[in-house]
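Spelled out, the chains give:
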Amino acid sequence: AQRVTQPEKLLSVFKGAPVELKCNYSYSGSPELFWYVQYSRQRLQLLLRHISRESIKGFTADLNKGETSFHLKKPFAQEEDSAMYYCALYNTNAGKSTFGDGTTLTVKP
Amino acid sequence: ETGVTQSPTHLIKTRGQQVTLRCSSQSGHNTVSWYQQALGQGPQFIFQYYREEENGRGNFPPRFSGLQFPNYSSELNVNALELDDSALYLCASSVDGPYEQYFGPGTRLTVT
């Protein structure tokens, strides 16, 4: 069974500090992995997708198949990064998506 | 270009009743996915429709069913409502699979 685990429910950092939001997954095939973000009073929106290898709003995420991880990183956190972040996996064979339970990031001034 | 819309915004039903939730996908999107989100949890995948066919389903009982129409809008139907069905129901639309999903604002369902 596929599973996504985000071990930290809450994460707090100071502005300008590096931030890493952890995501571990279990899936036997080649996963499609995503990070979604939900800012206060806004809809859930895609932040980035592993296959695109883009940096969005300064965030990057590297797929580590050996450790089955897809951690989200940003070298210098900004206050506007405060939000709920969800890691998600899509099983292309079964057509099934799985989301983690999210990490609430707070960036303090 | 309008975004994903859902109706109604809020809904209160009694245990045992049936409910239909609606989702209007973003223009040009042919894939719709439905999620249930309980308080404090991430979205739980219910099912996905692609070009009017269900092509993926999560661990939800058959009383959760859906439809996708030729204009790619979608409905989620839940029969025999239970108290645990109380949640936020999200739909998301995308093109040719859930690779860049655009989410709606959700429908808050309360079952009493």
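Residues numbered from 1 in each chain as written. Chains lettered and ligands numbered in written order. Predicted model: local features only at pLDDT ≥ 70, side-chain atom pairs only at ≥ 80, totals over all residues. Heavy atoms only, no water.

Engineer: Tell me what's going on with the overall build of chain B, and back it up with residues and numbers.
Structural biologist: Per the secondary structure count, chain B includes zero helices and 11 strands. In chain B, the order of α-helices and β-strands from amino to carboxyl end is β-β-β-β-β-β-β-β-β-β-β. Taken over the C-alpha trace, chain B has a radius of gyration of 13 Å; the compact-globule value for 112 residues is 13 Å, and the two agree within 12%. Dimensions of chain B, computed from C-alpha atoms along their principal axes, come out at roughly 40 × 25 × 25 Å. Sequence separation of at least 24 residues holds for 54% of the intrachain contacts in chain B that already meet a minimum separation of 6. Charge separation in chain B, taken as the distance between the mean sites of 7 positive and 10 negative side-chain charges, equals 10 Å. (Helix = DSSP H or I, 4+ residues; strand = E, 2+ residues; numbered from the N terminus. Rg over C-alpha atoms; globule rule 2.2 N^0.38 Å. Contact = heavy atoms within 4.5 Å. Lys, Arg positive; Asp, Glu negative; His and termini not counted. Charge placed at Lys NZ, Arg CZ, Asp CG, Glu CD.)

Engineer: Describe the pattern of salt bridges, and please don't skip the residues or the numbers.
Structural biologist: Residues and elements named next belong to chain A. What the rule picks out here adds up to eight salt bridges over all chains. Here Lys 22 and Glu 20 are joined by a salt bridge, their closest N and O atoms 3.1 Å apart. Looking at Lys 22, the relative accessible area reads 29%, which means it is partly exposed. On the accessibility criterion, Glu 20 (28% relative accessible area) is partly exposed. Between Glu 20 and Lys 73 there is a salt bridge, and its shortest N-O distance comes to 3.7 Å. Within this pair, whereas Glu 20 is found in strand β3 (residues 19–21), its partner Lys 73 is found in strand β8 (residues 69–74), the two being separated by 53 residues in sequence. Accessibility expressed as a relative area gives 37% for Lys 73, which makes it partly exposed. It is possible to trace a salt-bridge network through shared partners that takes in Glu 20, Lys 22 and Lys 73. (Salt bridge = Lys/Arg side-chain N within 4 Å of Asp/Glu carboxyl O. Buried < 20%, exposed > 50% of the residue type's maximum accessible area, 1.4 Å probe, protein only.)

Engineer: Lay out the nonpolar core with the relevant residues and their values.
Structural biologist: In this structure, Trp 35, Leu 72 and Tyr 85 of chain A are the most contacted members of the largest nonpolar core, which totals 25 residues. Put simply, the parts of the chain that give this core at least two residues each are β2 (10–14), β3, β5 (32–38), β6 (45–49), β8, β9 (83–91) and β11 (103–108) of chain A. Among the elements that line this core, the one with the most residues is β9 of chain A, at four residues. Val 4, Phe 47, Tyr 49 and Ala 87 of chain B belong to the second largest nonpolar core, which has 20 residues in total. (Core = buried A, V, L, I, M, F, W, Y, C linked by side-chain atoms within 4.5 Å.)

Engineer: Please provide a residue-by-residue account of the environment of Thr 110 of chain B, values included.
Structural biologist: With respect to the helices and strands, the residue Thr 110 of chain B is situated in strand β11 (residues 107–111). Sequence separation between Thr 110 of chain B and Val 78 of chain B is 32 residues, and the spatial gap between their C-alpha atoms is 13 Å.

Engineer: Account for the sheet that holds strand β1 (residues 5–7) of chain B, with residues named and values stated.
Structural biologist: Residues and elements named next belong to chain B. One open sheet holds the four strands; their spatial order is β1-β3-β8-β7, and the pairing between them is antiparallel. Whereas interior strands pair on both sides, the edge strands pair on one side only; in this sheet they are β1 and β7 (64–68). Neighbour-to-neighbour, the strand axes of this sheet turn through a mean angle of 20°, independent of strand direction. Where β1 lies against strand β3 (residues 19–24), three bridges are found, and the strand directions are antiparallel. Bridged to Gln 6 within β3 is Cys 23. (Pairing = 2+ DSSP bridges. Axes fitted to C-alpha atoms, helices over the stretch in contact; angles between N-to-C directions.)

Engineer: An account of the interface of chain A and chain B is needed here, citing residue identities and associated values.
Structural biologist: Each partner contributes residues to the interface: chain A has 18 residues there, and chain B has 22 residues. When chain A packs against chain B, the two sides together hide about 1,600 Å² of surface, and 50% of this comes from carbon and sulfur. There are seven residue pairs in polar contact (both at pLDDT 80 or more) connecting chain A and chain B. Those elements giving two or more residues to the side of chain A that touches chain B turn out to be β5, β6, β9 and β10 (96–99) of chain A. Here the residues of the side of chain A that touches chain B sort into eight nonpolar, four polar and six charged. (Buried area = accessible area lost by both parts, 1.4 Å probe. Polar contact = N/O pair within 3.5 Å; in protein donor to acceptor, adjacent residues only side chain to side chain. Nonpolar A, V, L, I, M, F, W, Y, C, P; charged D, E, K, R; others polar.)

Engineer: Can you explain the state of the cysteines? Please cite residues and give values.
Structural biologist: Residue and element names in this part refer to chain B. Within this structure, the stated rule accounts for two disulfides over all chains. Bridging Cys 23 to Cys 91, the disulfide has an S-S length of 1.9 Å. What sets the handedness of the Cys 23 and Cys 91 disulfide is the S-S torsion sign, and at about 70° it is right-handed. Highlighted residues: Cys 23 in strand β3 and Cys 91 in strand β9 (residues 87–94), separated in sequence by 68 residues. One exposure class covers both Cys 23 and Cys 91, and it is buried. (Disulfide = S-S within 2.5 Å.)

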